[in-house]
Amino acid sequence: MKQYFDEIGINVTPHQLEQLELFYNLLIQENEKYNLTAITDKTEVYIKHFIDSMIISKLDLPYEHKRFIDIGTGAGFPAIPLKVMYPSIEITGLDALNKRIGFIERACREINVDAMHLIHGRAEDFGQDIKYREKYDYAVSRAVAELRLLLEFVMPFVKVGGHFLAYKSLKTKTELDDANRSLLLMQSKLVDMVTFDLPGNFGKREIMIIEKIGKIDKKYPRKPGVPKKSPL
Ligand code: SAM
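Because the structure is a prediction, the values reported are computed rather than measured.

> Hey, could you run me through the layout of surface pockets in this one?
Using a probe with the size of a water molecule, rolled over the atoms, empty space left in the structure can be pinpointed. Here the largest pocket defines a volume of roughly 640 Å³. For the largest pocket, the lining is made up of 31 residues, of which G72, D95, R142, A143 and V144 are closest to its centre. Residue assignment for the lining of the largest pocket shows that the elements contributing at least two residues are α3 (42–54), β2 (90–95), α6 (123–126) and α7 (147–154). Considering each element in turn, the lining of the largest pocket owes the most residues, three residues, to α3. In terms of residue class, the lining of the largest pocket is built from 16 nonpolar, six polar and nine charged.

> I keep staring at the packing of aromatic side chains and nothing clicks. Help me out?
The geometry of an aromatic ring pair comes down to the distance between the two centres and the angle between the two planes. Counted under the stated rule, the structure contains 14 aromatic pairs. Relative to Y46, the ring of Y24 has its centre 6.2 Å away and its plane inclined at 50°; by these criteria the two rings are tilted. Here Y24, found in helix α2 (residues 14–34), pairs with Y46, found in helix α3; they are 22 residues apart in sequence, far enough to count as distant. Put simply, the rings of F5, F23, Y24, Y34, Y46, F50, F77 and F103 touch in pairs and so form one group of aromatic residues. The ring of Y136 carries R67 above its face, with NZ or CZ at 5.0 Å from the centroid.

> How do you make sense of the site of the ligand when you look at a structure like this?
Around the ligand, the structure places 17 residues, and the nearest of them are G72, F77, D95, R100 and R142. Between an oxygen atom of the ligand and a side-chain N or O atom of R100, the distance comes to 2.7 Å. The side chain of R122 places a nitrogen or oxygen atom 3.4 Å from a nitrogen atom of the ligand. Taken by itself the ligand offers 600 Å² of open surface, and the protein chains cover 79% of this. Its atoms largely coinciding with the cavity grid, the ligand occupies the largest pocket. Those elements that provide at least two residues to the shell around the ligand are β2 and α6. Its residues placed into classes, the shell around the ligand shows eight nonpolar, four polar and five charged.

Definitions and cut-offs
Residues numbered from 1 in each chain as written. Predicted model: local features only at pLDDT ≥ 70, side-chain atom pairs only at ≥ 80, totals over all residues. Heavy atoms only, no water. 1 Å grid on protein atoms, 1.4 Å probe; cavity = no way out; pocket = protein on both sides within 12 Å on 5 of 7 lines; lining within 4 Å. Points joined across faces, edges and corners; volume = space filled by probe spheres on them. Helix = DSSP H or I, 4+ residues; strand = E, 2+ residues; numbered from the N terminus. Nonpolar A, V, L, I, M, F, W, Y, C, P; charged D, E, K, R; others polar. Phe/Tyr/Trp six-rings, centres within 6.5 Å; stacked < 30°, edge-to-face > 60°. Lys NZ or Arg CZ within 6 Å of the ring centre and 35° of its normal. Near = heavy atom within 4 Å. Polar contact = N/O pair within 3.5 Å; in protein donor to acceptor, adjacent residues only side chain to side chain. Areas by Shrake-Rupley, 256 points an atom, 1.4 Å probe, with all protein chains shown as cover. Sits in = over half its atoms within 2 Å of the grid points.

Rendered as structure tokens:
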């Protein structure tokens, strides 16, 4: 599989490749029990889950020793591949589905990455908790919601001056047009949008780099379900 990392220019060590191999085996082994991934073909998992998650390493941003949170991490994407790539980061995975959190705990043990912090619950609740609010240098999130909703889920966790790296594909322009008010209320500014071609012609990935420029009104995030019912 190393050729795909080489193709896109992501450096991985033999040890990191071993960890990803163990993660792949566990993902497939546990998939039926936990419904973790629709993709099971090995090449596709490596490209669409692992390399896709690691693609932010191609951005010119400092990650070592920073605090990350992955909102709606599911089976650990992008959190686990990021932790494999950058062992020095402190990363928290949050998801509303407890069984997926259980899978991540086991995966971290078995592939031998330092434990991630895991939170079972809804972003709307934990974004109001002072233990987590404005505590992260970076938030990441993939395949969770359209941008205007996502900003309300994610931006409360980000420190002022920190960044949200939103994994997006297709419809980015429409999502952005719909998110003007949400960007404003979430004190957020789109800094850049970078498109990558995944190796092996597996499509494109767009990363939106969104900076938090000020404190957010305490009434956000609203209660669970409200952002979806009446998006900003
Ligand atoms: N990020 C993973 C990936 O890319 O494979 C999982 C994507 S999955 C389609 C969406 C995940 O977001 C689900 O695991 C779901 O439980 C979680 N989720 C959706 N809304 C959420 C919320 N408001 N708070 C916490 N988790 C949420």
